[in-house]
Amino acid sequence: MAKHAVLLSGAKMWRSMACAKSELRLDLTLACGQSFRWRETADGHWTGVMGGRVWTLTQTDDTLWYRVYKKQDIGVEGSDRKRKAYVSLQTENELEKRFQGALKKEEEEPVAVTLVQDTHEEEEMLRDYFQLNVKLGDLYKEWGAADPHFKHIADIFTGVRMLRQDPTECLFSFICTSNNHISRIQGMVERLCQALGAPLCQLDQTSYYNFPSLSALADSSVEACLRDLGFGYRARFLQQSAKQILDTHGLEWLEGLRRVPYLQACDALRTLPGVGTKVADCVCLMSLDKAEAVPIDTHVWQIAKRDYNYASGNGQKSITDKLHRDIGDFFRKLWGPYAGWAQSVLFCADLKKFQKLKEVPHLKQPQEEEHGEGETSVVCKKTKMQREKDATVNNMKTKLASHKKAKLSA
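The structure contained in this document is the topic of the report that follows.

What counts as what
- Within every chain, residues take consecutive numbers counted from 1 along the sequence as written.
- Residues qualify for local features only when their pLDDT is at least 70, as the model is predicted, and side-chain atom pairs are given and counted only at 80 or more; totals for whole chains, interfaces and linings, by contrast, use all residues.
- Side-chain descriptors were evaluated using all non-hydrogen atoms of the structure, hydrogens and water having been removed beforehand.
- For this text, the term disulfide refers to a pair of cysteine sulfurs within 2.5 Å.
- Buried means the residue's accessible area, taken with a 1.4 Å probe over protein chains only, is under 20% of the maximum for its type, while exposed means over 50%, and partly exposed covers the values in between.
- Helical segments are the DSSP runs of H or I of at least four residues, strand segments are the runs of E of at least two, and each set is numbered from the N terminus.
- A helix is expected to span 1.5 Å for every residue after the first.
- Orientation is described by lines fitted to C-alpha atoms, with helices fitted over the stretch in contact, and by angles between N-to-C directions that extend from 0 to 180 degrees.
- Orientation labels follow simple angle bins: below 35 degrees gives roughly parallel, above 145 gives roughly antiparallel, 65 to 115 gives roughly perpendicular, and whatever is left gives oblique.
- Left-handed is the label given to a crossing in which the near helix is rotated counterclockwise from the far helix by less than a right angle, and right-handed is the label when the rotation is clockwise.
- In this analysis, two residues are considered to be in contact whenever any of their non-hydrogen atoms come within 4.5 Å of each other.
- The rule is simple: put a 1 Å grid over the protein atoms alone, call a set of points where a 1.4 Å probe fits but cannot get out a cavity, call an open set with protein on both sides within 12 Å along at least five of seven lines a pocket, and count a residue as lining if it has an atom within 4 Å of a point.
- Grid points are joined across faces, edges and corners, and a volume is the space filled by probe spheres set on the points.
- Three categories are distinguished: nonpolar for Ala, Val, Leu, Ile, Met, Phe, Trp, Tyr, Cys and Pro, charged for Asp, Glu, Lys and Arg, and polar for the others, with Gly belonging to the last.
- Only strands that DSSP links by at least two bridges are regarded as paired with each other.

1. Quick look at the state of the cysteines
No. 1: In this structure the tally under the stated criterion is zero disulfides.
No. 2: No disulfide involves cysteine 32; its sulfur sits 4.9 Å from that of cysteine 348, the nearest cysteine.
No. 3: Using a relative accessible area of 4% as the deciding quantity, one classes cysteine 32 as buried.

What follows is the structure in structure tokens.
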């Protein structure tokens, strides 16, 4: 059985591209609530589905490493049994045809595990997904110059980029975010893919699936299926939104929203069941190339009040459309045309899972040197630490010697 790749155990099987951590940090970008399909499968290694392929990504200081896996037969037994338990016969037959078709194509066109012949295509997919054409370091400097609070945060949370996701995956993932938290959303999106997506491969007992197509999501049996999977009222929104897109607009509609102005795209998305202003802004920002979109939820509202003394709407208990627009305009005026990217850095910095990063002391030595005692202080601290380390080692040696002596005398 194939395993999740680890760079140190077979670097020759990986591909790489130049990319500094100041331009992209995988641990922050992939775990801050933009996409819900990436998991850390080994220390510093992230595995997920993007562009119909399964990837493992990792990085060193100046290099982004990637490994792409081929499709494999995961079988109708095992992981597919769960899928059959929930999906209607009609939907299951459709999935089975697609699955067998994919396997037949795989047999006719065998693909190497590392897809060496597609290296250029894969690199372009990654560049597009992480929007590496945008110079993040330059943006950080601009935001820091305009905003002292951002500058303070940016010293710790470097490399937080906006992903450019598939619009269908982004939209239907964010419909699942209503009254939800990141870990639970991840589980829901995973179950959605298992139930309705085409199988891709299996690694270490974990099966990976593509995101469902609009036609699969629009099937009349989907709502009941997803309710059984714990989606609650969101099940209806998912099925109805997919059906409305296909019936009213067509398959290419979502992709086409990339080419219209931000407010027009936002208004168009809000006509869909389950899509409010915040979800529409998330989809605009994370998949439709609207860098000025600033998603506002209670979390971001608190950041605005706490860190920017934003007083508008203080008497309100919920975020109205007007308040959403006003807070967004406040940040757009402060940060400029990439305001949505800047907001994502502050959002990431405020997540509970990343609070430990703020505990690491920064720039202590230069501060001490400014007071004329930096070098001496550092030397003294190192000497003290070495003495403590030596004392600990000596104590352990003494205890071991005593223990051996006691065993011999016994």
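Additional details are given in the paragraphs that follow.
2. Re helix 8 (residues 182-196)
No. 1: For helix 8, spanning 15 residues, the distance from its first C-alpha to its last is 21 Å, which sits close to the expected 21 Å at 1.5 Å a residue.
No. 2: When helix 8 is considered as a whole, its buried residues turn out to be Ile182, Ile185, Gln186, Met188, Val189, Glu190, Leu192, Cys193, Ala195 and Leu196.

3. Re the packing of helix 13 (residues 262-269) against helix 14 (residues 277-287)
Geometrically, a packed helix pair is captured by the angle between its two axes and the distance between the axes.
No. 1: Where helix 13 meets helix 14, the closest approach of the two axes is 9 Å, and the angle between their N-to-C directions is 130°. When the axes of helix 13 and helix 14 are compared, the pair comes out oblique. You can see that helix 13 and helix 14 cross each other, and the crossing is right-handed. Note on element contacts: helix 14 touches helix 13 through Ala280, Asp281, Val283 and Cys284, opposite Tyr262, Ala265, Cys266 and Leu269.

4. Looking at unusual backbone geometry
No. 1: Although it is not a glycine, aspartate 289 sits at a positive phi angle of roughly 65°.
No. 2: With respect to the helices and strands, aspartate 289 occurs in the loop between helix 14 and helix 15 (298-308).
No. 3: The backbone phi angle of asparagine 309 is positive, close to 55°, even though this residue is not glycine.

5. Brief notes about the layout of surface pockets
No. 1: Computed from the structure, the largest pocket encloses a volume of approximately 760 Å³.
No. 2: In terms of lining residues, the largest pocket is bounded by 34 residues, among which Thr177, Lys278, Cys282, Asp297 and Phe347 are the most central.
No. 3: Sorting the residues of the lining of the largest pocket by element identifies helix 8, helix 14, helix 15, helix 16 (321-335) and helix 17 (339-350) as the ones contributing at least two each.
No. 4: The greatest single-element share of the lining of the largest pocket, amounting to six residues, is contributed by helix 14.
No. 5: Along the lines of polarity and charge, the residues of the lining of the largest pocket split into 15 nonpolar, 16 polar and three charged.
No. 6: As a volume, the second largest pocket reaches approximately 640 Å³.

6. Re the pairing of strand 5 (residues 63-69)
No. 1: The element strand 5 is extensively covered by neighbouring structure, given that six of its seven residues are classed as buried.
No. 2: Here strand 1 (residues 15-18) pairs with strand 5 via four bridges, running antiparallel. Looking at strand 5, one finds that methionine 17 is bridged to leucine 64.
No. 3: One ladder, built from seven bridges, connects strand 4 (residues 53-60) with strand 5; its direction is antiparallel. If you follow threonine 56 over to strand 5, its bridge partner there is arginine 67.
No. 4: Hairpin connection from strand 4 to strand 5: two residues lie between these consecutive antiparallel strands.

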